[in-house]
Amino acid sequence: MKVVMLEDLAAHFNLKTQEAIDRVNDLQNMGQLTGVIDDRGKFIYITMDEMESVAKFIKQRGRVSITELAESSNKLINLNPDNNETLQRKLNAKNEQDSSE
């Protein structure tokens, strides 16, 4: 899942919404999670490849307005990933975790 309402995330883990936001921020600061929190209370997961695409776009264009960035982000960031791709990533992460134990 690429987009989650922080309120729903908090409810799932029996946390207050602010506690969920704080934990997401902590995971981002530790480099364990990448993404953005929008102004409507959603966390949008962004892969490292997608972040690199956005950075490349900005470097190529130089100055970029928020409007241009938002319009281009729709092409650079996939908000509807293939469920098989998501499942495969989860399985790979689980296998890596099992191997290290």
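First, a word on what this report is: a plain description of the structure on this page. (Residues numbered from 1 in each chain as written. Predicted model: local features only at pLDDT ≥ 70, side-chain atom pairs only at ≥ 80, totals over all residues. Heavy atoms only, no water.)

As for the overall build of the protein chain
- Counting its regular elements, the protein chain contains five helices and three strands.
- Sequence-ordered secondary structure for the protein chain, helices as α and strands as β, is β-α-α-β-β-α-α-α.
- Across the 101 residues of the protein chain, 21% fall into the buried class.
- Long-range contacts, defined as pairs at least 24 residues apart, comprise 37% of the intrachain contacts of the protein chain with a sequence gap of at least 6. (Helix = DSSP H or I, 4+ residues; strand = E, 2+ residues; numbered from the N terminus. Buried < 20%, exposed > 50% of the residue type's maximum accessible area, 1.4 Å probe, protein only. Contact = heavy atoms within 4.5 Å.)

Overview of the sheet that holds strand β2 (residues 35-37)
- With respect to topology, three strands assemble into an open sheet ordered β1-β3-β2, the strand pairing being antiparallel. Looking along the sheet, the strands with just one partner apiece sit at the ends: β1 (3-5) and β2. In this sheet, neighbouring strand axes are inclined to one another by 15° on average, regardless of whether the strands run parallel or antiparallel.
- Both β2 and strand β3 (residues 42-45) contribute to a ladder of three bridges, which runs antiparallel. Directly across from Val 36, in β3, lies its bridge partner Ile 44.
- Lying on the sheet, helix α2 (residues 17-29) is in contact with β2 and β3; it crosses β2 at an angle near 150°. (Pairing = 2+ DSSP bridges. Axes fitted to C-alpha atoms, helices over the stretch in contact; angles between N-to-C directions.)

Describing the pairing of β3
- Strand direction decides the pairing type here: β1 and β3, joined by three bridges, are antiparallel. The partner of Met 5 across the bridge, within β3, is Lys 42.
- Here β2 hands over to β3 after four residues, with Gly 41 in that stretch at a positive phi of 85°.

Here we look at α2
- Helix length check: α2 (13 residues) gives 18 Å between terminal C-alpha atoms against 18 Å at 1.5 Å per residue, within 8%.
- Phi for Gly 31, located one or two positions after α2, is positive at around 80°. (Expected span 1.5 Å × (residues − 1).)

Observations concerning the pattern of salt bridges
- Overall, the coordinates contain four salt bridges when judged by the stated rule.
- The partner of Arg 61 in a salt bridge is Glu 68, and the shortest N-O contact between them spans 2.6 Å.
- Counted as one network, the salt bridges with shared partners bring together Asp 38, Asp 39 and Arg 40. (Salt bridge = Lys/Arg side-chain N within 4 Å of Asp/Glu carboxyl O.)

Description of the side chain of Asp 38
- If you trace the backbone, Asp 38 turns up in the loop between β2 and β3.
- Under the relative-accessibility criterion, Asp 38 is labelled buried at 18%.
- A polar contact of 3.1 Å, which involves the side chain of Asp 38, links it to the backbone nitrogen of Gly 41.
- Of the polar contacts made by the side chain of Asp 38, one reaches the backbone nitrogen of Lys 42; its length is 2.8 Å. (Polar contact = N/O pair within 3.5 Å; in protein donor to acceptor, adjacent residues only side chain to side chain.)

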